[in-house]
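Residue-level listing of the chains:
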Amino acid sequence: MPQQNFLVIGWDAADWQVIEPLMAAGKMPTLSKMLKGGVKGNIATLNPPLSPMLWTSIATGKRAYDHGIHGFVEVDSLTGNILPVRATTRKAKAIWNILNEAGLKTNVVNWWPSHPAEKLNGAVVTNQFHKDAPTHGDDWPLEAGSVFPENLFETLKELRVHPAELTLQHVLPFIPQAATLDPEGDKVLKPLMRVLAHCASVHNAATYLMENEEWDFMAVYYEAIDHFSHLAMKYHPPQMEGVDDKEFELYHSIIEAAYRYHDMMLERLLNLAGSDCSVMLVSDHGFESGELRQLELPDVAAAPALEHRKYGVLAATGPSFKKGEHVFGASLLDVTPTILHHFGLPVGDDMEGRVLTDVFRNPEKPGEIPSWEITGKQVEFCEEESGSSAGMLKQLEDLGYINLSQKDKTTYVEQELNYNLSLSLLDGNRLEQAKELISKNYKSYGELRYGLLLARTLLRLGESENLKELLLDLTQKFPKQKAIQHFEGLLALRDGRVGDAISNFKQMESRGLVSIELLLEIARALMISAEVSEAKAYFEKVLKLDSENAVALSGRAQCYLELGYTAEALADLEKSLEQQFFQPNSHYLLAQAAHQLAFDEVAVKALKICLQQAPRHQAAKALLMKMEKLEPKRTEPIVVVSGFPRSGTSMLMKMLRESGLSLYLDETREKDEHNPEGYFEHERVKNLGLKNDWLHESRRQVLKVVSPLLRYLPSSEIFKVIQIKRPLTEVIVSQEVMKGKSKEEVMKHFPFQMAMEMQQEEVRLGNWLKMQPNMELLVVEYYDCLDNPANVLKEIKSFLNLPLDIEKGEKAINKKLHRNKLAT
């Protein structure tokens with residue numbers, strides 16, 4: 001593996017949804033050129049999307065519960081004082097520490113958090129390099145511990161830019177009418193100048209080190225896009241409802257100018273790095289720029305994080321990387337492993353991320369090491385200045401990330417850090433640890449947010465009874481909270497009460513709640529109840545709010561597949577996997593779509609990826625074996641009789657029983673006037689969607705499963721399905737008569753809408769059955785059973801390869817029970 005220099009550029013909150021229109025308009029030429037010569041893609045953030053936690057994960061390849069940075073501030077264990085989070089709190093080695101151990105020289109500029117500076121083989125400029133500047137002309141000291149080595153201290157100190165040094169020409173690209181505004185009193189201009197001066201200071205320090213200091217690896221972090229976005233994204237075109245016309249006219253250029261400014265800085269960095277340097281540009285998350293933008297944020301800690309989007313940007317260029325390629329499925333945790341691999345170094349087994357091998361020109365198998373935490377020597381830090389944190393704390397409070405107005409600041413900070421840690425544990429699927437921590441904090445503080453977090457944890461753990469008790473407690477304490485009702489709907493869904501869940505969710509929707517999560521839950525519930533067209537409509541509601549939502553894209557694709565729109569399904573799945581690569585079932589659905597379109601090479605590749613991500617995905621295994629013409633594992637199939645209710649399933653079950661086959665039934669449902677010879681079913685089938693671990697008991701017997709429940713048959717079994725079809729008009733009449741109506745009344749007011757929906761469901765079911773590699777299908781006609789049962793039984797005998805007494809079986813037909821025929 002080559003060991004050219006490597007430059008990492010961090011753009012906090014940069015988002016392709018803002019960048020791509022600007023590149024298309026020729027307004028970000030440097031990034032456009034970089035992408036033509038390299039790779040690009042989305043990069044998934046972690047939860048919670050708070051910058052100190054995320055940038056530490058980027059630098060370590062570990063989540064917050066391993067690296068120790070849990071928020072913006074911390075409590076000094078010796079004094080009890082509240083401090084901005086410090087680099088000394090980090091418990092894991094950063095990429096620059098590991099590279100130093102390998103003998104490489106590293107420079108780090110403005111990483112969050114990096115104060116006090118680490119004593120590296122190289123140089124460090126910390127995130128406290130540019131503190132709030134005093135009145136222009138007053139002494140502006142540089143805090144001790146902000147720069148290493150000390151011989152760079154005075155030089156870099158002079159490279160800082162004071163906001164008062166900015167001229168009108170610096171500001172006009174952001175606010176063309178800036179000359180008409182009061183630089184001290186305007187609510188946007190003054191903070192904009194502060195952010196711009198800070199950004200220029202960081203850039204000055206970075207370019208100075210690149211030009212004047214030797215380095216093998218360099219990391220520079222710019223937070224300005226995030227700050228510009230929190231300040232002015234609500235003014236970004238198109239104009240949002242509720243934004244004042246005059247304010248829109250004044251400030252609508254800020255976001256575009258911010259990105260163009262970063263493109264100009266990128267040009268300088270790339271020129272200094274040189275063509276033999278590999279460069280990676282990354283953001284920790286995106287930023288809402290469309291319909292989900294918020295005019296006002298709630299008055300809670302870290303409220304600005306509500307404006308963040310799940311996907312940030314990833315781009316890479318240079319000798320190590322491919323050209324013009326797209327990278328899929330990247331996570332923030334993959335950055336450090338990928339950089340280690342670039343330098344030919346092994347990846348720690350305790351790092352949760354992976355090497356993005358697909359981005360390299362000459363991919364090699366990554367090396368492994370148990371952990372980098374047990375190698376080398378302990379990191380040393382510079383002495384920091386005591387009592388110097390007030391300015392940084394005020395800045396964090398002004399930005400809305402912390403709220404230190406509480407009387408007991410220490411308890412408040414501990415609560416915030418515990419909450420953030422809880423979110424990280426949930427995000428990393430450490431459910432038991434999360435439950436223990438969240439339960440403790442809910443008991444101690446009784447806050448709604450901890451209660452809802454505990455509800456989410458119990459739901460994922462499947463602890464329904466504990467969840468019911470918790471929701472009852474929450475309802476008593478917080479009777480008007482809509483979020484509690486949402487969890488009641490989720491619990492109903494988990495317990496198989498799909499109708500109750502849909503009713504619950506739609507009631508919330510009708511009250512005006514606009515939530516992607518709620519819309520997705522409605523769509524999922526509708527899919528479970530086989531309301532495919534309506535589910536598709538809800539997935540599309542989500543996509544109207546967030547066109548890149550991976551879950552909604554995959555959900556709509558599944559709807560498309562069942563509706564017979566295979567090409568559309570394939571397009572959605574490709575886009576979904578571009579956003580989030582780790583979606584085993586989406587790879588499986590893509591394989592199904594590709595196979596139907598005769599793109600078998602694509603299908604096989606997708607199936608193999610699915611099985612890499614989910615080795616137990618039985619349906620993918622079955623389809624892959626079928627496509628590669630491999631002999632499947634010899635498992636005796638389960639025989640299923642299916643069809644719509646009132647389509648003749650009971651009649652067919654009786655035919656098979658009289659022919660000598662054993663039926664799996666319990667006779668719980670007694671004979672009645674509608675089925676005087678019995679229903680031939682088992683009560684367990686009704687709860688097939690919740691529990692199917694009994695299915696093996698039905699082997700060597702015949703099981704009746706009505707059509708809507710076929711979807712719940714597991715992919716781990718092989719099925720031979722005999723589907724009986726009856727004219728849908730007769731099916732509907734029979735169903736309505738069973739509800740107490742007369743045949744004449746039904747025909748007079750025939751439910752044509754129901755007929756159309758049932759016809760659509762029949763088509764969807766047919767499409768779905770064709771896609772199931774573990775199901776073999778035989779379709780028999782209702783009237784053939786009545787008029788020529790011997791021929792039907794011969795077909796079934798051949799299909800099942802079982803002995804049948806056809807003569808006895810055909811005697812099971814009782815034509816007198818054909819009471820709802822439409823023609824005599």
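Each value, and the rule that gives it
Residues numbered from 1 in each chain as written. Predicted model: local features only at pLDDT ≥ 70, side-chain atom pairs only at ≥ 80, totals over all residues. Heavy atoms only, no water. Helix = DSSP H or I, 4+ residues; strand = E, 2+ residues; numbered from the N terminus. Contact = heavy atoms within 4.5 Å. Areas by Shrake-Rupley, 256 points an atom, 1.4 Å probe, with all protein chains shown as cover. Lys, Arg positive; Asp, Glu negative; His and termini not counted. Charge placed at Lys NZ, Arg CZ, Asp CG, Glu CD. Pairing = 2+ DSSP bridges. Axes fitted to C-alpha atoms, helices over the stretch in contact; angles between N-to-C directions. Parallel < 35°, antiparallel > 145°, perpendicular 65-115°, else oblique. Nonpolar A, V, L, I, M, F, W, Y, C, P; charged D, E, K, R; others polar. Phe/Tyr/Trp six-rings, centres within 6.5 Å; stacked < 30°, edge-to-face > 60°. Buried < 20%, exposed > 50% of the residue type's maximum accessible area, 1.4 Å probe, protein only. Lys NZ or Arg CZ within 6 Å of the ring centre and 35° of its normal. Core = buried A, V, L, I, M, F, W, Y, C linked by side-chain atoms within 4.5 Å.

S.K.: For the overall build of the protein chain, give the residues involved together with the corresponding values.
M.R.: Secondary structure assignment for the protein chain yields 33 helices and 20 strands. In terms of principal-axis extent, the alpha carbons of the protein chain reach across some 105 × 55 × 50 Å. Of all intrachain contacts in the protein chain linking residues separated by at least 6 positions in sequence, the fraction that spans at least 24 positions is 68%. Of the roughly 36,300 Å² of accessible surface on the protein chain, 49% is carried by carbon and sulfur atoms. Taken together, the 92 basic and 114 acidic charged side chains of the protein chain have centroids lying 8 Å from each other.

S.K.: Got a sec to walk through the sheet that holds strand 19 (residues 719-725)? Specific residues and values, please.
M.R.: Strand order in the open sheet formed by 4 strands is 18-17-19-20, with parallel pairing between adjacent strands. In this open sheet, the two strands that pair with only one neighbour each are strand 18 (702-704) and strand 20 (775-781). For this sheet, the mean inter-axis angle between neighbouring strands, taken without regard to orientation, is 25 degrees. As defined by bridge partners, strand 17 (residues 638-642) adjoins strand 18 across 3 bridges and the pair is classed as parallel. Its bridge partner being in strand 18, valine 639 is matched across the sheet by valine 702. Running at roughly 170 degrees to strand 18, helix 27 (residues 649-658) makes contact with strand 17, strand 18, strand 19 and strand 20 of the sheet.

S.K.: Got a sec to walk through the packing of helix 27 against helix 32 (residues 789-800)? Specific residues and values, please.
M.R.: Running from amino to carboxyl end, helix 27 crosses helix 32 at an angle of 75 degrees, the nearest separation of the two axes being 12 Å. It follows that helix 27 is roughly perpendicular to helix 32 by the angle criterion. Between helix 27 and helix 32, the residues in contact are Leu652, Met655 and Leu656 and Pro789, Leu793 and Ile796, respectively. Partitioned by chemical class, the residues of the contact of helix 27 with helix 32 number 6 nonpolar, no polar and no charged.

S.K.: Describe the packing of aromatic side chains, naming the residues involved and giving the relevant values.
M.R.: Counted by the stated rule, this structure contains 18 aromatic pairs. With a centroid separation of 5.3 Å and 90 degrees between ring planes, the pair formed by tryptophan 55 and tryptophan 111 is classed as edge-to-face. Of this pair, tryptophan 55 sits in helix 3 (residues 51-60) while tryptophan 111 sits in the loop between strand 5 (106-109) and strand 6 (122-125), and the two are 56 residues apart along the sequence. Here tryptophan 55 matches tryptophan 111 in class, with each residue buried. Cluster of aromatic residues (ring-pair linked, three or more members): Phe6, Phe217, Phe321, Phe343 and Phe360. We note lysine 720 situated over the ring of phenylalanine 799; from NZ or CZ to the ring centre the distance is 5.2 Å. Directly above the ring of tyrosine 782 sits arginine 726, whose terminal nitrogen or CZ lies 4.4 Å from the centroid.

S.K.: So what's going on with the environment of leucine 231? Residues and values would help.
M.R.: Relative to the helices and strands, leucine 231 resides in helix 9 (residues 224-232). Among the residues examined, leucine 231 registers a relative accessible area of 17% and is labelled buried. Here the alpha-carbon distance between leucine 231 and tyrosine 442, two residues 211 residues apart in the chain, equals 34 Å. What leucine 231 contacts, discounting residues up to four positions off in sequence, is Lys187, Val188, Pro191 and Leu192.

S.K.: So what's going on with the side chain of glutamine 485? Which residues, and what values?
M.R.: For glutamine 485, the position within the fold is in helix 18 (residues 482-494). Glutamine 485 gets classed as buried once you look at its relative accessible area, which sits at 10%. Discounting chain neighbours no more than four positions away, the residues touching glutamine 485 are Asn504, Gln507, Met508 and Arg511.

S.K.: Any details on the nonpolar core? Residues and values, ideally.
M.R.: Burial of nonpolar side chains together is a common tendency in soluble globular proteins. In this structure, Leu7, Ile9, Trp11, Leu31, Phe174, Ile175 and Tyr222 are the most contacted members of the largest nonpolar core, which totals 77 residues. Take this core: its biggest share by element is 13 residues, from helix 8 (residues 189-212). Look past the residues within four positions of isoleucine 175 in its chain and what remains in contact with it is Leu181, Val188, Leu189, Leu192, Leu250, Tyr251 and Ile254.

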